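# Per-entry structural report
Listed below are the residues making up each chain.
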Amino acid sequence: MTLRLPRAVSALLALALALAALVAVPATSHAATQVCALACDTLDPSKAQRETFPVADRNVNGRILRLHVSGPDDMAWASIDNGVTGDAVWLDRSWDRGATWEPMLGKASIPSMWTGTRTLMYNITDPVGHRRGWIRACGDAGTVSCTDWVNPTVCDGTSCDGADPADAAGDDTPVPSTTLFGRTISLHVDQKNAMAWGVIAAGGPGDEIWLDRSWDGGATWPEGSSLGRTSVPSGATSTRTAMFATRDPRGLMYGGAVRACGREASHQEGSCTTWVRPAPSRPRAAVDALMASYQTNEGWWPSSWWNSAVALTSVIDFAERTGRHDYDWVIARTFEQNRGAFAAGVRSSDPVEGDFISRAIDDSGWWAVTWLSAYDYTGDRRYLDEAVTITNYVHQYWDTGTCGGGVWWDRERTYKNAVTNGLYLWLTTALHQRISGDTAWGQRATTAADWYLNSGLINSSGLVNDGLNTSCSNNGQTVWSYNQGLAIGAFTQLWRSTGNNRYLDAAKHLADAATSSPQLTRDGILTESCDTGTNSCDDNQKQFKGIFIRHLADLADATGSATYRAYIKNQADSIWAADRDSLSRLGQRWAGSAPNQTDWRTQASALEALTAADGL
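How each quantity is defined
Residues numbered from 1 in each chain as written. Predicted model: local features only at pLDDT ≥ 70, side-chain atom pairs only at ≥ 80, totals over all residues. Heavy atoms only, no water. pLDDT = per-residue confidence, 0-100. Contact = heavy atoms within 4.5 Å. Phe/Tyr/Trp six-rings, centres within 6.5 Å; stacked < 30°, edge-to-face > 60°. Helix = DSSP H or I, 4+ residues; strand = E, 2+ residues; numbered from the N terminus. Buried < 20%, exposed > 50% of the residue type's maximum accessible area, 1.4 Å probe, protein only. Lys NZ or Arg CZ within 6 Å of the ring centre and 35° of its normal. Core = buried A, V, L, I, M, F, W, Y, C linked by side-chain atoms within 4.5 Å. Disulfide = S-S within 2.5 Å.

### Points about the confidence of the model for the chain
Here the chain averages 94 in pLDDT, while 95% of its residues score no lower than 70. Low pLDDT, under 50, characterises residues 1–28; the predicted model gives this stretch 22 contacts beyond four residues in sequence or across chains.

Set out below in structure tokens:
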């Protein structure tokens, strides 16, 4: 016989259970904030890509408490079965190895006439917040109990936390060791596999060595402290930790930093080396550092709209030239999260009206370049279709009524400049090359090329000034490397399409001028006017040089020129030697002079140079 309680009694029982659960939450818990990665917290478990049970179930007065994990989603949920109405289940999530936690995530109670229920799904890691989490299932069925914590092991391919340093593919000590009471504490890195371990030497029994691991460049490391902590055994003077990974592809966290720390047995204080980000290769180190700034949930690099397009292009170029597919998922993620409309201030200072289009014609054009690069790399037709949509929009602003042709820079038709017309020339040529049987885009490309060569944008020194004045003459404004690069790339591609040497000659003339003129090259290093003296480049200018190198590399490929290749290699060598810190953060000034700004824009720009040089 089933005993049915009056509603009032049921309500009181439910309230009592809730209060009991609250009492069971220790003072070390704290409220949760929503975490979003590929999906946000509270995703329905029916959408999980996989279901695994990484820890043993817990019996709570005859109820079965279970933790479920979907590795591909990097999310978890909890369930309780064989229960009665009012039994509750929830998740706890910790960002500091269980010292504190966010309690009662997704708490659910078994409804009337049921014998079980489950929570919604919650993220285990937080790539936006640079945090790896631990998670457990908890339930209340007359008493509160929890499963063991799950803290998924960090693995990068076949290399996982806890590996033996004897299996390392190499042993590099990228930063100086530190000393403490006569002990030497050193950080060792298997650069090829991005694994690290620590060593303490010249010590005695009881001395300790460990690693710290940070996912935000050493700013915090609550989950990654004291990894592999071990003591020097009796009769020995040294020991080492196990190896630990610095990339967590499952958790969408890349570019982890590590340091080695140690302690002498009779003292509490310790000492640590500098933080290091391993460098399996120059481009891989650069792209890992760049991806550490990618906002996974929104699918871009905040907070620059066109710069994000160029950054994604640099990631695609990295994949295409190196054959590394680590970040292929970023292409679709960026496309899907940003194809819609956004109000002013959300992605750009202007409204984005859908299909990556806004009033800034050049901003729209940069996204078209990105999707053509994505199409070349993936073969996915939707990227080509998107590029056609955007370029059709740009084409609307080709106007022969002013200056005999050329594309306007903005929807208000205030300025005809080099960047917008360089983009238009490159895009029309690229579409002609990719659309079978095309004649329209090809004709537009040759029309644009002939206009560009006669427009006055190129000055008598073979350098491209910023734009045209109201009299349709060269306005003499700043020579920027990206304007030079776009023209080089566009004329190189148009030569590939037509075989007309006039266009190849134009590309070489522009390249020779750029690589020899002090307006763009100083002591052999590509240099913007804002790279000199006490000047600082703004957020737009930070990415100009990478665009130039991308297109110069195309010309080097087309011509086989040893001169152009040597120039590109010189840029990469200088960046690596003079413009990089121990975390492989790359600055604006490729010669390394001060003041030198560093952020994801400068990182993407320098990545293009390292990628281009790696593929020579």
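On we go.
### Considering the packing of aromatic side chains
Two numbers describe a pair of aromatic rings. These are the distance of the centres and the angle of the planes. Overall, the coordinates contain 27 aromatic pairs when judged by the stated rule. A centroid spacing of 5.1 Å and a plane angle of 85 degrees characterise the contact between F335 and W371, whose relative ring orientation is edge-to-face. Of this pair, F335 sits in helix α4 (residues 328–338) while W371 sits in helix α5 (residues 361–378), placing them 36 residues apart in sequence. Take F335 and W371: they sit in the same class, and that class is buried. By way of ring pairs, the aromatic residues W300, W305, F335, F356, W367, W371 and Y383 are connected into one cluster. Looking at R259, its charged tip hangs above the ring of W221, at a distance of 4.3 Å from the centre. Positioned over the ring face of W300 is R347, at 4.6 Å from the centre of the ring.

### What about the nonpolar core?
W301, W366, W371, F491 and I549 are the most contacted members of the largest nonpolar core, which totals 115 residues. Setting aside residues no more than four positions away along its own chain, W301 makes contact with L290, M291, S293, Y294, S308, A311, L312, V315 and W600. In terms of nonpolar packing, the next biggest core, distinct from the first, is built from 19 residues, L65, V89, L105 and A141 among them.

### Description of the state of the cysteines
A full pass over the atoms with the stated rule returns six disulfides. The side chain of C36 participates in a disulfide bridge whose partner is C40; the two sulfur atoms lie 2.0 Å from each other. Judged by the torsion about the S-S bond (105 degrees), the C36/C40 disulfide is right-handed. Here C36 falls in the buried class, since its relative accessible area comes to 13%. The disulfide bridge from C138 ends at C146, spanning 2.0 Å between sulfur atoms. Given an S-S torsion of about 105 degrees, the disulfide between C138 and C146 has right-handed geometry. You'll find C138 and C146 in the same group, each marked buried. Here the disulfide map of the chain reads 1-2, 3-4, 5-6, 7-8, 9-10, 11-12, the bonded cysteines being numbered as they appear in the sequence.

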